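Chain by chain, the residues:
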Amino acid sequence: MRSLFRTLTLTLLLALAAGPAMAEKADFLVNADWLEQHIDDPDLVILEVRYHPHRYYTVGHIPGAVQVQRFKDLGDNSRNPIMHFPSREQFQESLRSWGVNDDSTIVLYDDSVTALATRVYFLLDLYGYDMDRVKLLDGGTNEWTAFNTLSTDAPEVEPGNVTLEEARDDLVVEWTDIYDDVVARRDDDVVLLDSRPNSHYTGETVVGAPRGGHIPGAINIVSLDGANGQTHLWDTMDELEELYADLPRDKTVYAYCHDGFRQTMAYMQLKALGFEDVRLYDGGWAHWGRAKSLPVVEGDEPLGGDFSL
């Protein structure tokens, strides 16, 4: 009865918000009602990535969800900065410890407008997992707790046997690619996307690196603007189209953020919109901003100073 009431309530609210027709969203999104119906499926694995990981135990998590620690589990801990992408072996070991098999259906969620969970999604795609089996909980913990409770008990996990493939070389770029293609040659077939907040892009706010600003040639589209900051629900496809209206679909897109979460959100948004060639900078601003020999532009324009010539 509660599930039926919840479904009817959400349907009414969405209908009032969307008008006569229900607004279309990305097909990898599921809502809490879907998760409630599938939570006991034997092949389901739920992964939680909280901004403050201790809240998995103190505030609680969706029953059965396995904790993913965003820094330790989602970066290469042997490199500096730490949020370079983990190796296939590292990530495979983590997935197995979370109970993931080759035929698992994986539901990802967080408490951070889904930006953290998108990092897991991208890594699964990078290493060849069947992405038809990967879902993102729209609204995260906000959506779930509207009608359901959390648990503070960590589940017992039977180790999985997932086997990943070698990393796809069409999804990642290094700083040398950006320096060559964008900064030096200004390749017309490449667009550099900075998905950070605008104050980070302009250099007004300096976070996690000794310098502010952006990579010369980068345009700024804030990936977090593609979701509601209060409800944590994703925008409709039409709204995402509007957000990325100035980004040409026929170009190769190199995207970056600070430490690799907002850029993976941009990746998912662009793939949902049908962009075919989107690649992420392994290291992001945490790397570029620390490498003091690499050039930086401050302000609202992609190019400035010596790079405006």
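Scroll up for the structure.
Residues numbered from 1 in each chain as written. Predicted model: local features only at pLDDT ≥ 70, side-chain atom pairs only at ≥ 80, totals over all residues. Heavy atoms only, no water.

**Observations concerning the overall build of the protein chain**
Part 1 of the reasoning: Each helix and strand counted, the protein chain has twelve helices and ten strands in total.
Part 2 of the reasoning: For a compact globule of 309 residues, the expected C-alpha radius of gyration is about 19 Å, and the protein chain comes in at 20 Å, within 12% of that figure.
Part 3 of the reasoning: The principal-axis extents of the C-alpha atoms in the protein chain amount to approximately 65 × 50 × 35 Å.
Part 4 of the reasoning: Out of the 309 residues belonging to the protein chain, those deemed buried represent 50%.
Part 5 of the reasoning: Across the protein chain, every contact between residues at least 6 apart in sequence was considered, and the portion connecting residues at least 24 apart equals 77%.
Part 6 of the reasoning: For the protein chain, the accessible area works out to roughly 14300 Å², and carbon and sulfur atoms hold 48% of it.
Part 7 of the reasoning: Once the 25 positive and 53 negative side-chain charges of the protein chain are each reduced to a mean point, those two points are 5 Å apart. (Helix = DSSP H or I, 4+ residues; strand = E, 2+ residues; numbered from the N terminus. Rg over C-alpha atoms; globule rule 2.2 N^0.38 Å. Buried < 20%, exposed > 50% of the residue type's maximum accessible area, 1.4 Å probe, protein only. Contact = heavy atoms within 4.5 Å. Areas by Shrake-Rupley, 256 points an atom, 1.4 Å probe, with all protein chains shown as cover. Lys, Arg positive; Asp, Glu negative; His and termini not counted. Charge placed at Lys NZ, Arg CZ, Asp CG, Glu CD.)

**Focus: the sheet that holds strand β1 (residues 29-30)**
Strand pairing in a sheet is mediated by backbone hydrogen bonds. Such pairs are either parallel or antiparallel.
Part 1 of the reasoning: One open sheet holds the five strands; their spatial order is β1-β5-β4-β2-β3, and the pairing between them is parallel. Of all the strands in the sheet, the pair left with one neighbour each is β1 and β3 (66-67). (Pairing = 2+ DSSP bridges.)

**Re the packing of aromatic side chains**
Part 1 of the reasoning: In this structure the tally under the stated criterion is ten aromatic pairs.
Part 2 of the reasoning: Summarising the aromatic geometry, the rings of F28 and W234 are spaced 5.5 Å apart at their centres and angled 85 degrees between planes, so their arrangement reads as edge-to-face. Of this pair, F28 sits in the loop between α1 (2-18) and β1 while W234 sits in the loop between β8 (219-220) and α10 (237-243), and the two are 206 residues apart along the sequence. Each of the two residues, F28 as well as W234, counts as buried.
Part 3 of the reasoning: With a centroid separation of 6.4 Å and 70 degrees between ring planes, the pair formed by Y256 and Y281 is classed as edge-to-face. You can see Y256 sitting in strand β9 (residues 252-256) and its partner Y281 sitting in strand β10 (residues 278-281), a full 25 residues away along the chain.
Part 4 of the reasoning: Residue Y281 is classed as buried on the basis of its relative accessible area, which comes to 0%. (Phe/Tyr/Trp six-rings, centres within 6.5 Å; stacked < 30°, edge-to-face > 60°.)

**Points about helix α11 (residues 262-272)**
Part 1 of the reasoning: Taking burial as the measure, the eleven residues of α11 include eight buried ones, the bulk of the element.
Part 2 of the reasoning: Regarding α11, the residues found buried are Q263, T264, M265, A266, Y267, M268, Q269 and L270.
Part 3 of the reasoning: Against α6 (115-126), β5 (134-137), β7 (190-194), α10, β9 and β10 lie the buried residues of α11.
Part 4 of the reasoning: Immediately beyond the C-terminal end of α11, within one or two residues, lies G274, with a positive phi of roughly 100 degrees.

**Considering the environment of R88**
Part 1 of the reasoning: Here R88 lies in helix α5 (residues 88-97).
Part 2 of the reasoning: When the C-alpha atoms of R88 and A32 are compared, they prove to be 31 Å apart, with 56 residues separating the residues in sequence.
Part 3 of the reasoning: Filtering out sequence-adjacent residues up to four positions away, R88 remains in contact with Y127, L164, E165 and E166.
Part 4 of the reasoning: A polar contact is formed between the side chain of R88 and the side chain of E166, at a distance of 3.2 Å. (Polar contact = N/O pair within 3.5 Å; in protein donor to acceptor, adjacent residues only side chain to side chain.)

**Describing the pairing of β9**
Part 1 of the reasoning: Burial runs high along β9: five of the five residues are buried.
Part 2 of the reasoning: Of the two faces of β9, the one carrying T252, Y254 and Y256 and the one carrying V253 and A255 are both buried.
Part 3 of the reasoning: Of the strand pairs in this sheet, β7 and β9 are connected by five bridges, and their pairing is parallel. Directly across from V190, in β9, lies its bridge partner T252.
Part 4 of the reasoning: Alignment of β9 against β10, held across three bridges, turns out to be parallel. Residue pairing in the sheet places Y254 in a bridge with R279 of β10.
Part 5 of the reasoning: Of the crossover connections in this fold, the one passing from β9 over α11 to the parallel β10 is right-handed. (Right-handed = clockwise from strand over helix to strand, strands pointing away.)

**Digging into the nonpolar core**
Part 1 of the reasoning: Ranked by size, the top nonpolar core spans 57 residues in total, and within it L74, F91 and W234 carry the most contacts.
Part 2 of the reasoning: The contacts of L74, once residues within four sequence positions are left out, are V49, V68, Q69, M83, H84, P86, F91, W98, R119, V120, L123 and F261.
Part 3 of the reasoning: Counting residues in each nonpolar core, the second largest holds 16 residues, with V183, A218, Y254 and L294 among its members. (Core = buried A, V, L, I, M, F, W, Y, C linked by side-chain atoms within 4.5 Å.)

**Overview of a negative patch on the surface**
Part 1 of the reasoning: A cluster of acidic side chains, namely E24, D27, D132, D238, E239 and E242, defines a negative patch on the protein surface.
Part 2 of the reasoning: Examined against the element boundaries, D27 turns out to sit in the loop between α1 and β1. (Patch = residues over 30% accessible without salt bridge, like charges linked within 9 Å, V, L, I, M, F, W, Y side chains within 5 Å. Salt bridge = Lys/Arg side-chain N within 4 Å of Asp/Glu carboxyl O.)

**Looking at the packing of α6 against α11**
To characterise two packed helices, one gives the angle between the axes of the helices and the distance between these axes.
Part 1 of the reasoning: Two numbers describe how α6 lies on α11: the axes approach to 7 Å, and their chain directions differ by 65 degrees. Of the possible angle classes, the one that applies to α6 and α11 is roughly perpendicular. The crossing of α6 and α11 is left-handed. Taken together, the residues of α11 that come into contact with α6 (itself represented by A115, T118, R119, Y121, F122 and D125) are T264, M265, Y267 and M268.
Part 2 of the reasoning: Per-class residue counts for the contact of α6 with α11 are six nonpolar, two polar and two charged. (Axes fitted to C-alpha atoms, helices over the stretch in contact; angles between N-to-C directions. Parallel < 35°, antiparallel > 145°, perpendicular 65-115°, else oblique. Left-handed = near helix turned anticlockwise from the far one by under 90°. Nonpolar A, V, L, I, M, F, W, Y, C, P; charged D, E, K, R; others polar.)

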